[in-house]
Amino acid sequence: MNVKKMATASLLSMGIIGSMFTNTITAYDHSDQVQTVAHRGASGYAPENTMAAFQKGVDMKADYIEIDVQQTKDGELVVIHDVTLDRTTNGTGYVKNHTLEEIRQLDAGSYFSPEFAGEKVPTLEEVLDEFRGKTGILIELKATYHYPGIEEKVAEALKERNMHKPNNDKIIVQSFQFESMKKMDKLLPNVPVGLLVYLATDLTEAKLEEFSAYAEYINPSKSLVTSSVVEKVHEQDMGIMAWTVRKPEEVQPLLDAEVDAIITDYPDYVPSHKED
Ligand code: G3P
Ligand code: CA
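Not measured: the values here are computed from a predicted model.

Chemist: Just checking my understanding: could you explain the environment of Ser-212 for this structure?
Modeler: Secondary-structure assignment places Ser-212 in the loop between α7 (205-211) and β7 (217-220). Between the C-alpha atom of Ser-212 and that of Val-233, which follows or precedes it by 21 residues, the distance is 8.8 Å. Among the polar contacts listed, one links the side chain of Ser-212 to the backbone oxygen of Glu-209, at a separation of 2.7 Å.

What follows is the structure, encoded as C-alpha cells:
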C-alpha cells in the first residue's frame, strides 16, 4: 500500500474522514459507472492528439481525454504520439530534433482528412488550459528515456496551474516507463499515476503489490484483461483502465470483467457515454 493509501486507510480507521474518502487523498475513482476515455482524443473521428480530437472527446462527453506527451529540441512539451513526426504530420524526423517553432508550422490534420488541414501539434500547456474543468485529462509520458527531466517539466506545468492538488482537476499521469511514474509519484504525491502494462508477467499478485507502492492505476492492453486480473488490481486498491477499444464488440467483455475505464478511439461505443 502506498503512502497516499496508507494515510487514507489510517484516517478511515480512526473514523476521521469517513465519506470524504474519495475526494481527499485519492487512490482511484471508485465510481460504479465505467469511465470513458477518448484515446488521443476521439481519434476515430478526428486526427489524433489535436485540439479538434480533444474537443470532439468533450463534445461526446468522454470522462477523460488521453494525450501523449513528448519533448522538443528546445525543451518544450508537445502532444504527439510517435517519437517521430512522419506518420501524423507533414514533417519528418524525431520530435526531439526539432524546435517548438518548427513543429508548430506543421500540419497535423491532413494525414487524417483534408477537412482537418491546418490542425497543429498542441503544446501540453495549451491542452491543460483549454480542457481543464471540461473533462479529465489522462496524460501519458511517452519514451521518457529520450527526455531526461520530462517528469519535472510536466510536474511544473501542473503546479503552475494549481492542478496538482487532490482532485482539483481530474488528472492522471501514466506511462509504459515505470521508473518515470515512480518519480512522478514523488514529485506530485497527490496526482494519481498509472502504469501501462502489455505483459502478463506484470500482472502477478507480487508485481501488483509492488506497483501499489506508488501507482493508483494499472492500465493493461485489453487482451490481458480478465475478471481475475481486475479483482487482483482492486485487491491492491488500484483502478484499472483498459486500452484500446476500436470495435464495438470489444466493449462488452471489458464491462463484464468490470474494468473501471475503457480507453477508446470511439467514445460512443461505450454504453455509459453521455452524448445527447
Ligand atoms: O492510454 C493507453 C494507450 O494510449 C497506450 O498505447 O500506443 O496508444 O499510446 P498508445
Ligand atoms: Ca497513449
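Chemist: What is the right way to look at a negative patch on the surface in this model?
Modeler: A grouping of Glu-205, Glu-209, Glu-231, Glu-235, Asp-256 and Glu-258 is seen on the molecular surface, where their side chains present a negatively charged patch. Only α7 and α8 (227-235) provide two or more residues apiece to the negative patch. Tracing the backbone shows Asp-256 in helix α9 (residues 251-257).

Chemist: How do you make sense of the packing of aromatic side chains when you look at a structure like this?
Modeler: For any pair of aromatic rings, the description rests on two quantities: the centre-to-centre distance and the angle between the ring planes. Taken as a whole, this structure holds eight aromatic pairs when the rule is applied. Among the aromatic side chains, those forming a connected cluster through ring pairs are Tyr-45, Tyr-266 and Tyr-269. Above the ring of Phe-131, the side-chain terminus of Lys-134 is found at 6.0 Å from the ring centroid. For the cation-ring pair, Lys-170 lies above Tyr-64, with the distance from its terminal atom to the ring centre recorded as 4.7 Å.

Chemist: Can you help me understand the side chain of Asp-260 in this one?
Modeler: Within the secondary structure layout, Asp-260 lies in the loop between α9 and β9 (261-264). On the accessibility criterion, Asp-260 (11% relative accessible area) is buried. Here the side chain of Asp-260 touches His-234 through a polar contact of 2.8 Å, side chain to side chain.

Chemist: How should unusual backbone geometry be read in this particular structure?
Modeler: Negative phi values dominate among residues other than glycine, just as trans dominates among peptide bonds. A cis amide bond links Trp-243 to the next residue, Thr-244, at an omega of -15 degrees. Note on placement: Thr-244 falls in strand β8 (residues 239-245). Even without being a glycine, Lys-61 presents a positive backbone phi close to 60 degrees. Turning to its location among the elements, Lys-61 is positioned in the loop between α2 (51-59) and β2 (64-71). For Asn-162, which is not glycine, the phi torsion reads 60 degrees and is therefore positive.

Chemist: Sorry if this is basic, but what is going on with the environment of Ala-215 here?
Modeler: With respect to the helices and strands, the residue Ala-215 is situated in the loop between α7 and β7. A sequence separation of 24 residues divides Ala-215 from Gly-239, and the C-alpha atoms of the two residues are 9.3 Å apart.

Calculation notes
- Residues numbered from 1 in each chain as written.
- Chains lettered and ligands numbered in written order.
- Predicted model: local features only at pLDDT ≥ 70, side-chain atom pairs only at ≥ 80, totals over all residues.
- Heavy atoms only, no water.
- Helix = DSSP H or I, 4+ residues; strand = E, 2+ residues; numbered from the N terminus.
- Polar contact = N/O pair within 3.5 Å; in protein donor to acceptor, adjacent residues only side chain to side chain.
- Patch = residues over 30% accessible without salt bridge, like charges linked within 9 Å, V, L, I, M, F, W, Y side chains within 5 Å.
- Areas by Shrake-Rupley, 256 points an atom, 1.4 Å probe, with all protein chains shown as cover.
- Salt bridge = Lys/Arg side-chain N within 4 Å of Asp/Glu carboxyl O.
- Lys, Arg positive; Asp, Glu negative; His and termini not counted.
- Charge placed at Lys NZ, Arg CZ, Asp CG, Glu CD.
- Phe/Tyr/Trp six-rings, centres within 6.5 Å; stacked < 30°, edge-to-face > 60°.
- Lys NZ or Arg CZ within 6 Å of the ring centre and 35° of its normal.
- Buried < 20%, exposed > 50% of the residue type's maximum accessible area, 1.4 Å probe, protein only.

Everything listed here is a matter of geometry and, on its own, says nothing about what the molecule does.
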